[in-house]
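Per-entry structural report
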Amino acid sequence: MNSPRAISDIKKDLESFVGSKIRLKANRGRNRIIEKEGVLESIYPNIFVVKLDERKIERRVSYTYADVLTETVELFVYDTEDSEIRIAAANH
(Lines give C-alpha, C1' and ligand atoms only; values in the text may rest on other atoms or scores of the structure.)
Protein backbone atom coordinates (compact mmCIF):
# COMPACT_ATOMS: atom_id res chain seq x y z
CA MET A 1 0.00 0.00 0.00
CA ASN A 2 1.96 2.95 -1.33
CA SER A 3 -0.67 5.71 -0.98
CA PRO A 4 -0.02 6.93 2.60
CA ARG A 5 3.65 7.56 1.83
CA ALA A 6 2.84 9.39 -1.40
CA ILE A 7 0.23 11.58 0.32
CA SER A 8 2.71 12.54 3.04
CA ASP A 9 5.24 13.44 0.33
CA ILE A 10 2.71 15.73 -1.35
CA LYS A 11 1.93 17.41 1.98
CA LYS A 12 5.64 17.90 2.67
CA ASP A 13 6.15 19.42 -0.80
CA LEU A 14 3.26 21.83 -0.31
CA GLU A 15 4.45 22.98 3.14
CA SER A 16 7.44 24.74 1.62
CA PHE A 17 5.20 26.73 -0.76
CA VAL A 18 2.71 28.21 1.75
CA GLY A 19 2.23 31.86 0.81
CA SER A 20 3.40 31.33 -2.76
CA LYS A 21 1.49 32.27 -5.89
CA ILE A 22 0.16 29.16 -7.63
CA ARG A 23 -1.88 28.11 -10.64
CA LEU A 24 -4.56 25.53 -9.98
CA LYS A 25 -6.06 23.22 -12.58
CA ALA A 26 -8.99 21.16 -11.27
CA ASN A 27 -11.11 18.54 -13.00
CA ARG A 28 -14.69 19.11 -11.82
CA GLY A 29 -16.16 16.16 -13.74
CA ARG A 30 -18.17 15.96 -16.96
CA ASN A 31 -15.43 17.69 -18.95
CA ARG A 32 -15.46 20.77 -16.69
CA ILE A 33 -11.90 21.83 -16.01
CA ILE A 34 -11.20 25.07 -14.19
CA GLU A 35 -7.92 26.95 -14.14
CA LYS A 36 -7.38 29.66 -11.53
CA GLU A 37 -4.52 31.57 -9.99
CA GLY A 38 -4.22 32.19 -6.29
CA VAL A 39 -2.09 31.85 -3.19
CA LEU A 40 -1.50 28.66 -1.24
CA GLU A 41 -2.85 29.95 2.05
CA SER A 42 -2.60 27.12 4.56
CA ILE A 43 -1.88 23.45 5.10
CA TYR A 44 -3.89 21.18 7.39
CA PRO A 45 -3.53 17.45 8.21
CA ASN A 46 -6.00 16.34 5.52
CA ILE A 47 -6.55 19.37 3.25
CA PHE A 48 -4.88 22.48 1.87
CA VAL A 49 -6.52 25.85 1.22
CA VAL A 50 -6.00 28.12 -1.79
CA LYS A 51 -7.10 31.77 -1.71
CA LEU A 52 -8.44 32.96 -5.06
CA ASP A 53 -9.04 36.57 -6.13
CA GLU A 54 -11.88 36.66 -8.63
CA ARG A 55 -13.45 39.93 -9.77
CA LYS A 56 -12.82 41.75 -6.51
CA ILE A 57 -14.18 38.79 -4.52
CA GLU A 58 -11.82 36.88 -2.26
CA ARG A 59 -12.68 33.18 -2.23
CA ARG A 60 -11.10 30.16 -0.60
CA VAL A 61 -11.21 26.62 -1.95
CA SER A 62 -9.91 23.50 -0.27
CA TYR A 63 -8.68 20.23 -1.72
CA THR A 64 -7.31 17.03 -0.28
CA TYR A 65 -3.83 15.68 -0.89
CA ALA A 66 -5.48 12.66 -2.51
CA ASP A 67 -6.86 15.05 -5.18
CA VAL A 68 -3.27 15.89 -6.12
CA LEU A 69 -2.23 12.23 -5.94
CA THR A 70 -5.01 11.15 -8.33
CA GLU A 71 -4.32 14.19 -10.54
CA THR A 72 -7.87 15.52 -10.10
CA VAL A 73 -6.08 18.71 -9.08
CA GLU A 74 -2.79 19.90 -10.57
CA LEU A 75 -0.77 22.61 -8.86
CA PHE A 76 1.93 24.76 -10.42
CA VAL A 77 4.01 27.13 -8.28
CA TYR A 78 5.36 30.29 -9.88
CA ASP A 79 9.13 30.50 -9.64
CA THR A 80 11.09 33.74 -9.30
CA GLU A 81 11.32 34.25 -13.08
CA ASP A 82 7.56 33.58 -13.59
CA SER A 83 8.31 30.06 -14.74
CA GLU A 84 6.28 27.26 -13.21
CA ILE A 85 7.20 24.26 -11.07
CA ARG A 86 4.76 21.39 -10.94
CA ILE A 87 3.91 20.07 -7.47
CA ALA A 88 4.37 16.34 -6.84
CA ALA A 89 2.09 14.04 -8.78
CA ALA A 90 1.58 10.30 -8.76
CA ASN A 91 4.50 9.69 -11.12
CA HIS A 92 7.13 11.37 -8.88
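Quantities reported herein were computed from a predicted structural model and do not represent experimental measurements.

To continue, consider the pairing of strand 4 (residues 57–64). The sheet contact formed by strand 3 (residues 47–54) and strand 4 spans eight bridges and is antiparallel. Bridge assignment links V49 to a residue of strand 4, and that residue is S62.

Let us look at the environment of I10. Take I10: it is sitting in helix 1 (residues 3–15). Take I10: its relative accessible area is 2%, and that puts it in the buried class. In the structure, I10 is positioned 77 residues away from I87 in sequence and 7.6 Å away in space, judged by C-alpha atoms.

Turning to the pattern of salt bridges, a few remarks are in order. Applying the stated criterion across every chain, the model contains six salt bridges. In this structure, E35 and R23 form a salt bridge, with 2.8 Å as the shortest nitrogen-oxygen distance. Linking E35 in strand 2 (residues 33–43) with R23 in strand 1 (residues 21–27), this pair joins segments that are 12 residues apart in sequence. A relative accessible area of 48% means that E35 is categorised as partly exposed. Judged by relative accessible area, which is 17%, R23 ranks as buried.

Attention now moves to the nonpolar core. Core analysis: the biggest nonpolar cluster contains 18 residues, and L14, F48, V50, Y63 and L75 have the highest contact counts within it. Looking at this core, the elements with two or more residues in it are helix 1, strand 1, strand 3, strand 4, helix 2 (65–69) and strand 5 (73–78). Once you skip the residues sitting within four places of it in the chain, L14 turns out to touch L40, I43, F48, Y65, L75 and I87.

Rules and cut-offs
Residues numbered from 1 in each chain as written. Predicted model: local features only at pLDDT ≥ 70, side-chain atom pairs only at ≥ 80, totals over all residues. Heavy atoms only, no water. Pairing = 2+ DSSP bridges. Helix = DSSP H or I, 4+ residues; strand = E, 2+ residues; numbered from the N terminus. Buried < 20%, exposed > 50% of the residue type's maximum accessible area, 1.4 Å probe, protein only. Salt bridge = Lys/Arg side-chain N within 4 Å of Asp/Glu carboxyl O. Core = buried A, V, L, I, M, F, W, Y, C linked by side-chain atoms within 4.5 Å. Contact = heavy atoms within 4.5 Å.

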